[in-house]
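The chain contents come next:
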Amino acid sequence: MYLKYEDIRRVSVEITSRCNAACPQCPRTGNPILPGAELKMEDIERIFPKEFCSQLDFVYMCGNYGDAMTSTPRRKYTDY
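So, how was this worked out
- Residues numbered from 1 in each chain as written.
- Predicted model: local features only at pLDDT ≥ 70, side-chain atom pairs only at ≥ 80, totals over all residues.
- Heavy atoms only, no water.
- Helix = DSSP H or I, 4+ residues; strand = E, 2+ residues; numbered from the N terminus.
- Buried < 20%, exposed > 50% of the residue type's maximum accessible area, 1.4 Å probe, protein only.
- Contact = heavy atoms within 4.5 Å.
- Phe/Tyr/Trp six-rings, centres within 6.5 Å; stacked < 30°, edge-to-face > 60°.
- Lys NZ or Arg CZ within 6 Å of the ring centre and 35° of its normal.
- 1 Å grid on protein atoms, 1.4 Å probe; cavity = no way out; pocket = protein on both sides within 12 Å on 5 of 7 lines; lining within 4 Å.
- Points joined across faces, edges and corners; volume = space filled by probe spheres on them.
- Nonpolar A, V, L, I, M, F, W, Y, C, P; charged D, E, K, R; others polar.

Details of the side chain of Q55
Working step 1: Following the sequence through the fold, Q55 ends up in the loop between α2 (50-53) and β2 (58-60).
Working step 2: Among the residues examined, Q55 registers a relative accessible area of 17% and is labelled buried.
Working step 3: If we ignore the near neighbours within four places in the chain, the residues touching Q55 are Y5, E6, D7, I8 and R9.

Quick look at the packing of aromatic side chains
Working step 1: According to the stated counting rule, one finds three aromatic pairs in the structure shown.
Working step 2: Relative to F52, the ring of Y5 lies with its centre 5.0 Å away and its plane at 35 degrees, an arrangement referred to as tilted. Pair noted here: Y5 is in the segment before β1 (10-12) and F52 is in helix α2, with a separation of 47 residues, a long-range link.
Working step 3: Judged by its relative accessible area of 46%, Y5 is partly exposed.
Working step 4: Here F52 falls in the buried class, since its relative accessible area comes to 5%.
Working step 5: The interplanar angle of 20 degrees and the centroid separation of 6.0 Å between the aromatic rings of F48 and F52 together place this pair among those described as stacked. Comparing F48 with F52, the two get one shared label, buried.
Working step 6: Joined through ring pairs, the aromatic side chains of Y5, F48 and F52 make up one cluster.
Working step 7: Over the aromatic face of F58 sits the side chain of R10, whose NZ or CZ is 5.5 Å from the ring centroid.

Things to note about the environment of I44
Working step 1: The residue I44 is located in helix α1 (residues 41-47) in this model.
Working step 2: A sequence separation of 34 residues divides I44 from R10, and the C-alpha atoms of the two residues are 15 Å apart.
Working step 3: I44 has contacts with I15, L39, Y77 and Y80, leaving out every residue within four places of it along the chain.

Quick look at the layout of surface pockets
Working step 1: Approximately 200 Å³ is the volume attributed to the largest pocket.
Working step 2: Along its surface, the largest pocket is lined by V11, V13, I44, F48, C53, L56, V59, M61, Y77, T78 and Y80.
Working step 3: Per-class residue counts for the lining of the largest pocket are ten nonpolar, one polar and no charged.

Structure, rendered in structure tokens:
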């Protein structure tokens, strides 16, 4: 059984790798390979077309390497 595109109802999005905390156990802390970056609105529109967004029930924006609350345009993302 395979997951079909039209069956996807929930997604998890890592919108930023920026975070204000500097937790010692976090692989991001002091790691030059994980710079503080975030998705641009153009990236969101390309990755998540409007027709795809309309079928979603839930979008999870709590990342592994970043805090979504530090993302400057997060309000634009949620409005989109």
